[in-house]
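Below are the chains, spelled out letter by letter.
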Amino acid sequence: MPLYSYSKFQYPHTNFLKIQTSNFISEHAALYLTHVFKSFSVSLLGVFLPIYIYNLALSSAHFSSNTLLNGISWILLYFFLRSFVALISMVFFVNILFGKLGFQRALILSVFLLALQLLCLKYASISIIYVIFAGILGGLEVTFYWVPYHIYFVRKMGGKSHKYGAQMGTRRFLVHTLTSISPFLGGLIISTFNFDILFVISLLLLLTSCIPLILSLTDTKHHYHHISSIFLSYLFNKKYYYSTIAYLGEGIESLVYTVFWPLLLFVILSNYLAIGTLHTISLFISGFVILFVGKYIDSHSIYKLHRVGIYTNSVFHLLRLLITSAPFAYLLDISDRLNSGMFAVPTMALLYEKAQRNNSSEYILYREFAIHLAIAVTAILLGIFIVATGYWRWVFTIGALASLLVLSIHFDSN
């Protein structure tokens, strides 16, 4: 299919200067390599980010005199700002992204935005206010990376069958296996040196992810989009009611998992190297399961396997309410990573299939907006209730319920 398609909500395109590429490698390979390089550099810090912000907040009691609650509040503030700015930037920068800038330049720009975010996080050890700047830059990076990346994936990776299971499985297999050593290395660097060294190494590795984009990714003309039309056509359209619920649930679940699972591991294990080692083991093992699942769902029913993954994911969230010892934490993390093949891979494959059947760019914008709207609102509400109640483990109940909301995508026929 062509790189762009028409709909009644699209408008005449504008030209932008096209970056000349050498086709040194295929566009498929360029997308995979960029994502793997970026994931490797980010994974050095990834699981430790909430813990890092939590430790920064120990000397900055802005939200609560309780150390734990104050730390959680700062973490939630970062993720709120990241998603809130992503929402704002999608509204105001969407036609810069689709117009003069173009997808290739947007992806390259996103790498430098992420690099600036890492620098702000590094300087947050001097003043925690830099966490706010990091959240803002993180939101811009979301818009300029994930929107074009998902659209590229829909248009270039589905093939004639428009099936994305195998492609998703391959992508996640590469990310999980090739970057599995990152959490261990990150924990080792933090334990041996400090976070500053980790930020510098991550920053240098991150810049290499631009190389495949410059060498091989091609771009073309795109059309203007009016975000209000996308709202009316998707977000506030009863026809897409089930998919909207699913994407809101996906956003809430991802926030709970990303923030509170690393924090719980830190409370239980109290060791950076142990946390990094755990994630390295679970990522590597799960990579092979994900590869199999991706190929399986292209030739079998995606819905049966997805339901198992959703229900299991909800159960794992509830089990986190009970975990108090290291062996159970290890067992649950490895089991959860294995289940990600049945939860995350079908979720993303269904997204790409639906985006391909609808207007791919508008549908991706709609999905990203729904997810980050859910994250922003949930981060604020959780922060208020956690400080008010003085207890935080109950959030895993929210994660379990949000996971079940993803099931509603099965009832969407669009």
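Here the structure is a predicted model, which is why all the values come from computation and not from measurement.

Glancing now at the confidence of the model for the chain. In the predicted model, the chain carries a mean pLDDT of 82, and the fraction of residues at 70 or more is 86%. At the low end of the mean pLDDT range in the chain sits strand β1 (residues 10-14), at 32; at the high end sits helix α15 (residues 395-405), at 97. Counted against residues more than four places away or in other chains, residues 1-22, with its pLDDT under 50, gives 64 contacts.

The subject of this paragraph is the side chain of Ser89. Along the chain, the position of Ser89 falls in helix α3 (residues 67-123). The exposure class of Ser89 is buried, given its relative accessible area of 2%. Look past the residues within four positions of Ser89 in its chain and what remains in contact with it is Val94, Gly139, Leu140 and Thr143.

Looking now at helix α6 (residues 181-192). Here α6 contains 12 residues, and its C-alpha end-to-end distance of 16 Å stays within 8% of the 16 Å for a straight helix at 1.5 Å per residue. Among the residues making up α6, those that are buried are Ser182, Pro183, Gly186, Gly187, Ile189 and Ile190. The buried residues of α6 occupy an angular sector of 165 degrees when the element is viewed end-on, so they sit on one face.

This brings us to helix α9 (residues 227-235). The element α9 is extensively covered by neighbouring structure, given that seven of its nine residues are classed as buried. Looking only at α9, the buried set comprises Ile227, Ser229, Ile230, Phe231, Ser233, Tyr234 and Leu235.

So, about the side chain of His372. With respect to the secondary-structure elements, His372 resides in helix α14 (residues 360-389). Assessed through its relative accessible area of 5%, His372 is described here as buried. Residues within four places of His372 in sequence aside, it is in contact with Arg82, Ser83, Ala86, Leu87, Met90 and Val142.

Reading guide: rules and limits
Residues numbered from 1 in each chain as written. Predicted model: local features only at pLDDT ≥ 70, side-chain atom pairs only at ≥ 80, totals over all residues. Heavy atoms only, no water. pLDDT = per-residue confidence, 0-100. Helix = DSSP H or I, 4+ residues; strand = E, 2+ residues; numbered from the N terminus. Contact = heavy atoms within 4.5 Å. Buried < 20%, exposed > 50% of the residue type's maximum accessible area, 1.4 Å probe, protein only. Expected span 1.5 Å × (residues − 1). Arc of directions from axis to C-beta.

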